[in-house]
Amino acid sequence: MGLAELFLVAVGLSMDAFAVSIGNGTVIKNKKKAAFAALMFGVFQAGMPLIGYFLGSAFAEFITGYAPIIALAVLGIIGGKMIVESIGELRAAKKGEESEKLKEPSIAAIMIQAVATSIDALMVGVSFAAMTVSIVPAVLFIGVVTFIISLVGVFGGVKFGQLLGAKASLIGGAVLVCLGIKMFVEGMFFGG
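The rules we used
Residues numbered from 1 in each chain as written. Predicted model: local features only at pLDDT ≥ 70, side-chain atom pairs only at ≥ 80, totals over all residues. Heavy atoms only, no water. Helix = DSSP H or I, 4+ residues; strand = E, 2+ residues; numbered from the N terminus. Contact = heavy atoms within 4.5 Å. Areas by Shrake-Rupley, 256 points an atom, 1.4 Å probe, with all protein chains shown as cover. Polar contact = N/O pair within 3.5 Å; in protein donor to acceptor, adjacent residues only side chain to side chain. Salt bridge = Lys/Arg side-chain N within 4 Å of Asp/Glu carboxyl O. Buried < 20%, exposed > 50% of the residue type's maximum accessible area, 1.4 Å probe, protein only. Core = buried A, V, L, I, M, F, W, Y, C linked by side-chain atoms within 4.5 Å. Expected span 1.5 Å × (residues − 1). pLDDT = per-residue confidence, 0-100. Patch = residues over 30% accessible without salt bridge, like charges linked within 9 Å, V, L, I, M, F, W, Y side chains within 5 Å. Phe/Tyr/Trp six-rings, centres within 6.5 Å; stacked < 30°, edge-to-face > 60°.

**Comments concerning the overall build of the chain**
Next, step 1: When its secondary structure is counted, the chain shows seven helices and zero strands.
Next, step 2: Overall, the chain shows an N-to-C arrangement of helices and strands of α-α-α-α-α-α-α.
Next, step 3: Within the chain, contacts between residues at least 6 apart in sequence are counted, and of these 90% link residues at least 24 apart.
Next, step 4: Surface accessibility of the chain: about 9800 Å² in total, with carbon and sulfur atoms responsible for 73%.

In structure tokens:
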């Protein structure tokens, strides 16, 4: 596998993390936490192919069989919570009331998101085992690409959030829910 092909794999794998990062960015105000979120997406996106490479296809098929359900549950809950909070924010603003601030995702929520968006990378690791791929440089490359793309997403989401306020969180939450549904439908019906 050449560098160009590996880059395309890395970008493809990082798109879910990018979408979640934009949603997170609408509510994350702390730059260190934003960078941490991007780092975790990169770490898990690199770690899953490594695990798949070493544990083999039998274990990977078991886990990836549940990937669509896990993605739907995690992203649906997180996105739904963002939607509910932002609707409360918008209603309070419309009434001229002071409302609770939208909550940033906790460190635990960021870790769960990172796992949920990287499960599909497990099968990539299995395919790497079947090909002549140097696994350490490949997973490091995937991790770095995902980190950069996630960093762009989370800081883009921060800017988006500053411009639109609670409406950005509503949109970000809807994106997460739609992404969870998309991952579920693709995984369950199209083997994606």
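Next comes the rest of the account.
**Regarding the side chain of Q45**
Next, step 1: Along the chain, the position of Q45 falls in helix α2 (residues 31-55).
Next, step 2: A distance of 3.1 Å separates a polar side-chain atom of Q45 from the backbone oxygen of L13.
Next, step 3: When residues no more than four places from it in sequence are discounted, the contact partners of Q45 are L13, S14, A17, T117, S118, D120, A121, I142 and T146.

**Some points on the pattern of salt bridges**
Next, step 1: Evaluation of the coordinates by the stated rule reveals two salt bridges.
Next, step 2: Residues K33 and E104 are paired through a salt bridge, measuring 3.6 Å at the closest nitrogen-oxygen approach. Of the two residues, K33 sits in helix α2 while E104 sits in the loop between α3 (57-95) and α4 (107-118), which places them 71 residues apart along the sequence.
Next, step 3: A salt bridge links E186 to K182, with the shortest nitrogen-to-oxygen separation between them at 3.2 Å. Remark: K182 and E186 occur in helix α7 (residues 166-189); sequence separation between them is four residues, near one turn of the helix.
Next, step 4: We classify E186 as partly exposed; its relative accessible area is 31%.

**Topic: the side chain of Q113**
Next, step 1: Its place among the elements puts Q113 in helix α4.
Next, step 2: Among all residues touching Q113, those that are not within four sequence positions of it are V20, N24, F41 and I78.

**Quick word on the nonpolar core**
Next, step 1: By size, the foremost hydrophobic cluster in this structure holds 19 residues, and its most contacted members are V20, I28, F41, L75, I78, L176 and L179.
Next, step 2: Among the elements of the structure, α1 (3-25), α2, α3, α4 and α7 are those that each provide at least two residues to this core.
Next, step 3: For L75, the residues in contact, after removing those within four places along its chain, are V20, G80, L176, V177, L179, G180 and M183.
Next, step 4: Counting residues in hydrophobic clusters, the runner-up holds 18 residues, among them L13, V124, V133 and I135.

**Brief notes about α4**
Next, step 1: With twelve residues, α4 should reach 16 Å at 1.5 Å per residue; the first-to-last C-alpha distance of 17 Å fits that figure.
Next, step 2: Buried residues of α4: I110, Q113, A114, A116, T117 and S118, and no others.

**What to know about α2**
Next, step 1: Here α2 contains 25 residues, and its C-alpha end-to-end distance of 36 Å stays within 8% of the 36 Å for a straight helix at 1.5 Å per residue.
Next, step 2: Of the positions making up α2, those classed as buried are K33, A34, A37, A38, M40, F41, G42, Q45, A46, M48, P49 and G52.

**Remarks on the confidence of the model for the chain**
Next, step 1: Mean pLDDT over the chain stands at 80; residues scoring 70 or higher make up 83%.
Next, step 2: When mean pLDDT is taken per element in the chain, α2 scores highest with 91 and α3 scores lowest with 73.

**Examining a nonpolar patch on the surface**
Next, step 1: Judged by side-chain polarity, Y66, I69, I70, I181, V185, M188, F189 and F190 come together as a nonpolar surface patch covering roughly 790 Å² of accessible area.
Next, step 2: Listing elements by their share of the nonpolar patch, those giving two or more residues are α3 and α7.
Next, step 3: The element best represented in the nonpolar patch is α7, accounting for four residues.
Next, step 4: Assignment of secondary structure puts M188 in helix α7.
Next, step 5: Residue classification places M188 among the partly exposed residues on the basis of a relative accessible area of 40%.

**Details of the packing of aromatic side chains**
Next, step 1: Counting across every chain of the model gives two aromatic pairs.
Next, step 2: With 5.1 Å between their ring centres and 90° between their planes, Y53 and F54 make a pair best called edge-to-face.

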